[in-house]
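So the chains spell out like this:
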Amino acid sequence: MTATTRPAVPALAPPATAPAAHRARRAARRRRLTACGVLMTPFFALLLTVFLVPVGTAVYLSFYSDDQPGLGFGPERTVFVGLRSYAAVLTDPTFLGGLGTVALYCLIYIPLMVAGALALALLLDSGAARLRAFAQLGLFLPHAVPGIIAALIWLYLYTPGISPVIDLFARADITVDFLGVHTVLPSIVNIALWSNLGYNMVVFYAALQAVPREVIEASVVDGAGPVRTALQVKTPLVRASIVMVAIFTLIWALQLFTEPMLLGQSSPMISSRFSPSMYIYDAAFNRTNYGLAAAASVVLLACTIALSYGVTRFTGRADAAEEAR
């Protein structure tokens, strides 16, 4: 018998080996990490130079103080004092009073700022305001004025004898003291609102432009009026912007300095330690106690971080509870 020959089967190309595929994945991952590192380098460089280094320097200075031995006649030297500066700050009634003043300022200013800016943005978004572009420009223009110039303008309007506003009230037999003991804080709030209301309005208006028009049209079809649509449809959809504005406003409010510093030139109700920032300035440049100023700065930073974190956690839990319904 003769053996039958089978046709030769062509050899298939071997599949890619596992090590080669693993090396390709590692190379792609390395390229992505390199690109992310290059893009994030400017951020981390700024974070290091304008935040971490100053904070580290303040923490370091807060543990040291300048001391002069020999009843003050010896050479000045820097000594380690531990937590003594923090104890002095936290037991100083003027610093605690400044914290209370800023807390009251935040309770008045932040709700008015957020509610006022959101109301203006909703008004512009509804189309109720004619000449919308000019209205936006007019509301935003005060924010372009530097804070010192804005405070000087309002100081002129608050000062008796030169203020046309006070003279106008006087003609109507109304006596107004904008820098009195009960009115000085609302006067500072008014300056801050005038300067920053338009900016936050622009933020809210930009967020409202991203709201789908189909959702608004559906609410109108369901019979919702303009007020109900604004409060129950538009406002919940821009909650993230509201939280962002509230946090940024809180951080800015805790650093209250420019307005009371300038108004203090004309009002005895504003002392050199009216707010924590003014306390820090007074300790550093009037009393030349840099350790005390650094400790107060660290305490103020800790309060700012704690309050910002609290607002973030509270709003996060509120959003989670609403999504769970």
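Look up a bit, the structure's there.
Residues numbered from 1 in each chain as written. Predicted model: local features only at pLDDT ≥ 70, side-chain atom pairs only at ≥ 80, totals over all residues. Heavy atoms only, no water.

Glancing now at the packing of aromatic side chains. By the definition in use, this model includes 13 aromatic pairs. Centroid distance Phe43 to Phe44: 5.2 Å. Interplanar angle 70°. Geometry classified as edge-to-face. Ring plane angle 75° and centroid distance 5.5 Å describe the contact between Tyr64 and Phe80, whose orientation is recorded as edge-to-face. Taken as a pair, Tyr64 in strand β1 (residues 64–67) and Phe80 in strand β2 (residues 77–80) lie far apart in primary sequence, 16 residues in all. According to the relative accessible area criterion, Phe80 is exposed, its value standing at 56%. (Phe/Tyr/Trp six-rings, centres within 6.5 Å; stacked < 30°, edge-to-face > 60°. Helix = DSSP H or I, 4+ residues; strand = E, 2+ residues; numbered from the N terminus. Buried < 20%, exposed > 50% of the residue type's maximum accessible area, 1.4 Å probe, protein only.)

A positive phi is found at Asp173, a non-glycine position, where the angle reads about 60°. Along the chain, Asp173 turns up in the loop between α6 (164–171) and α7 (184–209). For Asp173, a relative accessible area of 71% corresponds to the exposed category.

A few words now on the environment of Ser65. Of note, Ser65 is situated in strand β1. Taking the relative accessible area as the measure of exposure, Ser65 reaches 12% and is therefore buried. For Ser65, the contacting residues outside a window of four places in its chain are Arg77, Thr78, Val79, Val81 and Arg84. (Contact = heavy atoms within 4.5 Å.)

What follows deals with the pattern of salt bridges. Inspection of every chain in the model, using the stated rule, returns 4 salt bridges. Between Asp282 and Arg273 there is a salt bridge, with its nearest N and O atoms 3.2 Å apart. Asp282 sits in the buried class, given a relative accessible area of 6%. Given a relative accessible area of 24%, Arg273 falls into the partly exposed group. Beyond isolated ion pairs, a larger network of salt bridges with shared partners links Asp125, Arg213 and Lys234. (Salt bridge = Lys/Arg side-chain N within 4 Å of Asp/Glu carboxyl O.)

Turning to a nonpolar patch on the surface, a few remarks are in order. Where nonpolar side chains cluster on the molecular surface, the patch consists of Leu46, Leu48, Val50, Phe51, Leu52 and Val53 and spans about 550 Å² of accessible area. In this structure, Val50 sits in helix α1 (residues 18–62). Assessed through its relative accessible area of 59%, Val50 is described here as exposed. (Patch = residues over 30% accessible without salt bridge, like charges linked within 9 Å, V, L, I, M, F, W, Y side chains within 5 Å. Areas by Shrake-Rupley, 256 points an atom, 1.4 Å probe, with all protein chains shown as cover.)

Our focus in this paragraph is a positive patch on the surface. On the surface, Arg23, Arg26, Arg29, Arg30, Arg31 and Arg32 cluster together into a positively charged patch. Within the element layout of this structure, Arg31 appears in helix α1. The exposed category is assigned to Arg31, whose relative accessible area is 57%. (Lys, Arg positive; Asp, Glu negative; His and termini not counted. Charge placed at Lys NZ, Arg CZ, Asp CG, Glu CD.)

By size, the foremost hydrophobic cluster in this structure holds 46 residues, and its most contacted members are Tyr105, Tyr109, Ile188, Phe204 and Leu263. Sorting the residues of this core by element identifies α3 (93–125), α5 (147–158), α7 and α10 (239–254) as the ones contributing at least two each. Counting residues in each nonpolar core, the second largest holds 16 residues, with Tyr86, Ala284, Ala294 and Val299 among its members. (Core = buried A, V, L, I, M, F, W, Y, C linked by side-chain atoms within 4.5 Å.)

The next point concerns the side chain of Lys234. Secondary-structure assignment places Lys234 in helix α9 (residues 226–237). What makes Lys234 buried here is its relative accessible area of 7%. Within the structure, the side chain of Lys234 is placed 2.7 Å from the side chain of Asp125, a separation counted as a polar contact. Dropping the residues within four chain positions of it, Lys234 is found in contact with Leu122, Asp125, Ser126, Leu208, Ile216 and Thr229. (Polar contact = N/O pair within 3.5 Å; in protein donor to acceptor, adjacent residues only side chain to side chain.)

These figures capture arrangement, not role.
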